[in-house]
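Residue strings, one per chain:
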Amino acid sequence: MRIGGWIFLVASVGGVLGLACWCYYKVMTLPRPGVVKPPDMLGG
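Once that is clear, we can look at the overall build of the protein. Along the backbone of the protein there are 1 helix and 0 strands. Taken over 44 residues, the protein has a buried fraction of 0%.

So, on to a nonpolar patch on the surface. Taken together, M1, I3, W6, I7, L9, V13 and L17 make up a surface patch of nonpolar side chains, about 770 Å² in accessible area. Note that I7 resides in helix α1 (residues 3-28).

With 26 residues, α1 should cover 38 Å at 1.5 Å per step; its first-to-last C-alpha distance of 37 Å lies within 8% of that length. With 0 of 26 residues buried, α1 lies mostly on the surface of the structure.

The tally for this structure, following the rule as stated, stands at 0 disulfides. Here C23 is not disulfide-linked; the sulfur of C21 is the nearest cysteine sulfur, at 9.4 Å.

Each value, and the rule that gives it
Residues numbered from 1 in each chain as written. Predicted model: local features only at pLDDT ≥ 70, side-chain atom pairs only at ≥ 80, totals over all residues. Heavy atoms only, no water. Helix = DSSP H or I, 4+ residues; strand = E, 2+ residues; numbered from the N terminus. Buried < 20%, exposed > 50% of the residue type's maximum accessible area, 1.4 Å probe, protein only. Patch = residues over 30% accessible without salt bridge, like charges linked within 9 Å, V, L, I, M, F, W, Y side chains within 5 Å. Areas by Shrake-Rupley, 256 points an atom, 1.4 Å probe, with all protein chains shown as cover. Salt bridge = Lys/Arg side-chain N within 4 Å of Asp/Glu carboxyl O. Expected span 1.5 Å × (residues − 1). Disulfide = S-S within 2.5 Å.

Coordinates in, geometry out; function isn't part of it.
Structural data, given as structure tokens:
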């Protein structure tokens, strides 16, 4: 494989792993269910 292929491979795998790590981080650091009050959907 040529150097351009290796660069593309590393960039692609790194991008997918980075996105997966970011998604796991966002899901795992959500506030606990009782901490945040849900918005009032009725407007009253």
